[in-house]
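Here are the chains, one letter per residue:
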Amino acid sequence: MHGGNADRRLHALLRHLEGANPTDSGDRSVSFAPTSGYSGASVFDHVVRAPEDPILGVTVAYNKDPSPVKLNLGVGAYRTEEGKPLVLNVVRKAEQILVNDRSRVKEYLPITGLSEFNKLSAKLILGAESPAIQENRVTTVQCLSGTGSLRVGAEFLAQHYHQHTIYIPQPTWGNHPKIFNLAGLSVKTYRYYDPATRGLNFQGLLEDLGSAPTGAIVLLHACAHNPTGVDPTPDQWENIRRLMRSKALLPFFDSAYQGFASGNLDADAQPIRMFVKDGGECLVAQSYAKNMGLYGERVGALSIVCRNADVASRVESQLKLVIRPMFSNPPIHGASIVATILKDRNMFREWTIELKAMADRIIHMRKLLFDALRSRGTPGDWSHIVKQIGMFTYTGLDSKQVAFMTKEYHIYMTSDGRISMAGLSSRTVPHLADAIHAAVTQATV
Ligand SMILES: Cc1ncc(COP(=O)(O)O)c(C=O)c1O
């Protein structure tokens, strides 16, 4: 009989478990105490500890420091004069509108995201009058902030573009090479920063892009280059555009700071618009982390400007195949906030005022720090602090000087000497200036 066989097998299994259990005390109830098979070793014992992310690791170290004067200038997030994170008033207002609207539901968005958000994002970056938008040759998909937009764009290129080499500036945001490598692209660098002038190595840039293979992808920071704060002038952009178009190099713009650099959304988008105006194709990754303070909402967009509407719609169909197995569809809340603000004339204006106030505060911090170093007679030319633009100053301090400032002054920053100007306030500038002065005069070999 089946029942008899099953019973016998069950009893045999129980006897086996009892025999294998050294803690068995004669109690005949089934015990699930760990048997000798579980000796405490993990199947993941071979996993080695990974290093902290070089940027986010700065905050980890900062959090552990009990000093009352500690200062975190590592992470690229805006802080108020009081050193606090800022939620824009216009964002609070938009959230209130969304909460009060009882017709809103939490259904899945389409794979490409909130369509209203996509249209408004394309207009914001390319300009309301952009012929590319009017000709329906731009496809925009909502992605997980700037990082996710770069990743989706890179995956699409790895699958559908004939050239797999991407040129990124040297230096660049530390996540760039990882994003592109993991997507299957092969990463090369082009010269960008000149330590001697603490400005752009324009000649080196032109030479490196000039010798790139035809059709290679080129990553360009749209404005407020991270980490250097050094941007090409409009004339230099025009030369870069001409060179790239003459060699059919494909521009992939990273726009993480629109409006944050100059305080003007249109001015900061000019380099991209210059490339779109010539009728050629390009990719743009947009982030609302900094300019709307929506860091944790993970809201961004990838736009691909194509030659014509038919190509754009085919490209979009393939972008869906990239996104679906990656994150299925994007989150609804952040995109709804952005759309609420962008589509309302008054709220949009209010946003631009708050955005300009953030940009102006950063510019003011540059001036204060520059003046503080000058008044201390700190050796060196610090004019790059006021010349550089956006969230960061690439100070020129080396890793030894940075370590000195952390140890002696509890000031935290990445080891390349990059400081977030957005993390400074008039109260903390003197402390930073003292630290830089001491580092330059005492910690230099
Ligand atoms: C140059 C650059 N690109 C992209 C990003 C992506 O930011 P997020 O994914 O938070 O939008 C950042 C953030 O620091 C950045 O500096």
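The rules we used
The written sequence of each chain sets the order in which its residues are numbered from 1. Thresholds applied to this predicted model are a pLDDT of at least 70 for local features of residues and 80 or more for the giving and counting of side-chain atom pairs; totals over whole chains, interfaces and linings are not thresholded and use all residues. Note that the side-chain values use all heavy atoms of the structure and ignore hydrogens as well as water. Each domain's extent was defined by an automatic or database domain assignment. We call two residues in contact whenever any of their non-hydrogen atoms come within 4.5 Å of each other. Summed over both partners, the accessible area lost on bringing two parts together, with a 1.4 Å probe, is the buried area. In what follows, salt bridge is the name for a side-chain nitrogen of Lys or Arg lying within 4 Å of a carboxyl oxygen of Asp or Glu. Whenever two N or O atoms come within 3.5 Å, that pair is a polar contact, provided that in protein one can donate a hydrogen and the other can accept it, and provided that, for residues adjacent in sequence, both atoms are side-chain atoms. In this text, helices come from DSSP runs of H or I with a minimum length of four residues, and strands from runs of E with a minimum of two, each type numbered from the N-terminal end. Given a helix with a known number of residues, its expected span is that number minus one, times 1.5 Å. For a residue, the bend is simply the angle between two axes, fitted respectively to the seven-residue segment ending there and the seven-residue segment starting there. For each residue, the accessible area found with a 1.4 Å probe, counting protein chains only, is set against the maximum for its type, and the residue is called buried under 20%, exposed over 50%, and partly exposed in between. We call Phe, Tyr and Trp rings a pair once their centres come within 6.5 Å, taking the six-membered ring for Trp, and we label the pair stacked below 30 degrees between planes, edge-to-face above 60, and tilted otherwise. Two thresholds decide whether a charge sits over a ring: the Lys NZ or Arg CZ must be within 6 Å of the ring centre and within 35 degrees of the ring normal. By convention a nonpolar core is built from buried Ala, Val, Leu, Ile, Met, Phe, Trp, Tyr and Cys residues, the set being connected through side-chain atoms within 4.5 Å. Summary of the distance rule: residues count as near a molecule or strand when at least one heavy atom falls within 4 Å of that molecule or strand. With residues, only the protein chains shown are counted as cover, and all accessible areas are computed by Shrake-Rupley using a 1.4 Å probe. Between the N-to-C directions of two axes lies an angle of 0 to 180 degrees, each axis being a line fitted to C-alpha atoms and, for a helix, fitted only over the stretch in contact. For any helix crossing, the convention is left-handed if the near helix is rotated counterclockwise from the far helix by under a right angle, and right-handed if that rotation is clockwise. Under the scheme applied here, ten amino acids are nonpolar (Ala, Val, Leu, Ile, Met, Phe, Trp, Tyr, Cys and Pro), four are charged (Asp, Glu, Lys and Arg), and all others, including Gly, are polar. Pairs of strands are assigned from DSSP output, requiring at least two bridges between the strands.

A. A look at the domain arrangement of the protein chain. Segmenting the protein chain into domains produces domain 1 (56-86 + 360-442) and domain 2 (108-343). Inter-centroid distance (C-alpha atoms) of domain 1 to domain 2 is 29 Å. If you look at the interface, domain 1 gives 18 residues, while domain 2 gives 16 residues. Buried surface at the junction of domain 1 and domain 2, both sides included, amounts to about 1400 Å², of which 59% is carbon and sulfur. Of all residues in domain 1, the largest losses of buried area upon contact with domain 2 belong to Ile389, Phe392 and Tyr394, amounting jointly to 38% of the total for that side. Our count for the contact surface shared by domain 1 and domain 2 stands at zero salt bridges. Where domain 1 touches domain 2, the interface holds five residue pairs in polar contact (both at pLDDT 80 or more). Elements with a minimum of two residues in the side of domain 1 that touches domain 2: helix H13 (345-376) and strand S11 (392-394).

B. Spatial organisation of helix H10 (residues 265-277). Taking 1.5 Å of rise per residue, 13 residues should cover 18 Å, and H10 covers 17 Å from first to last C-alpha, within 8% of that figure. Taking the largest bend as the criterion, H10 deviates by roughly 50°, centred on Pro271. Looking at H10, one finds that the buried residues are Leu265, Asp268, Ala269, Pro271, Ile272, Arg273, Phe275 and Val276. Between a side-chain oxygen at the N-terminus of H10 and the backbone nitrogen of Asp266 the separation is 2.8 Å; the capping residue is Asn264. Of the residues flanking the end of H10, it is Gly279, one or two places downstream, whose phi is positive at about 90°.

C. Focus on the packing of aromatic side chains. Enumeration according to the criterion identifies 13 aromatic pairs in this entry. Geometrically, the ring pair formed by Trp237 and Phe253 is tilted, given 6.2 Å between the ring centres and 45° between the ring planes. Here Trp237 is found in helix H9 (residues 234-246), whereas its partner Phe253 is found in strand S8 (residues 250-255), with 16 residues between them in sequence. Assessed through its relative accessible area of 0%, Phe253 is described here as buried. Of the aromatic side chains, those joined through ring pairs into one cluster are Tyr78, Tyr257, Phe260 and Phe392. Cation over ring: Lys70 sits above Tyr62, and NZ or CZ is 4.4 Å from the ring centre. Above the plane of the ring of Phe392 lies Arg418, whose end atom (NZ or CZ) is 3.7 Å from the centre.

D. Spotlight on helix H12 (residues 333-343). For H12, a buried count of nine out of 11 residues is recorded, marking the element as mostly surrounded by other parts of the structure. Among all positions of H12, only Gly334, Ala335, Ser336, Ile337, Val338, Ala339, Thr340, Ile341 and Leu342 are buried.

E. Representation of the nonpolar core. One finds Trp351, Leu369 and Met405 to be the most contacted residues of the largest nonpolar core, which totals 63 residues. Those elements that place two or more of their residues in this core are helix H3 (89-100), helix H4 (115-126), strand S10 (299-305), H12, H13, helix H15 (399-409) and helix H16 (429-442). It is H13 that provides the largest number of residues to this core, a total of 10 residues. Taken domain by domain, this core gets at least three of its residues from each of domain 1 (56-86 + 360-442) and domain 2 (108-343). Contact partners of Trp351, with chain neighbours within four places excluded, come to Leu88, Val90, Leu124, Leu265, Asn291, Met292, Ile341 and Leu342. In terms of nonpolar packing, the next biggest core, distinct from the first, is built from 32 residues, Tyr167, Leu200, Val230 and Cys282 among them.

F. Summary view of the site of the ligand. Around the ligand there are 13 residues in total, and Ser145, Thr147, Asn226, Asp254 and Ser287 lie nearest to it. Thr147 is positioned with one of its side-chain polar atoms (N or O) 2.5 Å from an oxygen atom of the ligand. A distance of 3.1 Å is found between an oxygen atom of the ligand and a side-chain nitrogen or oxygen belonging to Lys290. When the ligand sits alone it has 390 Å² of accessible area, and the protein chains cover 91% of it. Looking at the shell around the ligand, the element that brings in the most residues is helix H6 (residues 145-160), giving three residues.

G. Representation of the packing of H6 against helix H7 (residues 175-183) within the structure. Look at H6 against H7: their axes get within 8 Å of each other, and the N-to-C directions meet at 35°. Seen along the crossing, H6 lies across H7 with a hand that is right-handed. On the side of H6, the interface is formed by Thr147, Leu150, Arg151, Ala154, Glu155 and Ala158, while H7 contributes Asn175, His176, Ile179, Phe180, Leu182 and Ala183. Across the contact of H6 with H7, the residue classes tally to seven nonpolar, three polar and two charged.

H. A look at the pairing of strand S2 (residues 138-144). Judged by how many residues are buried, S2 sits mostly within the fold: six of seven residues are covered. Bridge count between S2 and S10: seven bridges; the pairing is antiparallel. Considered in S10, the bridge of Cys143 is made with Gly300.

I. Representation of the pairing of strand S7 (residues 217-221) in the model. Across the five residues that make up S7, a large majority, five, are buried. The alternating pattern of S7 places Ile217, Leu219 and His221 and Val218 and Leu220 on opposite faces, both of which are buried. Sheet topology note: the strand S3 (residues 165-170)/S7 ladder contains two bridges and is parallel. Following the sheet pairing, Ile166 is matched in S7 by Ile217. The sheet contact formed by S7 and S8 spans five bridges and is parallel. Its bridge partner lying in S8, His221 is registered against Asp254.

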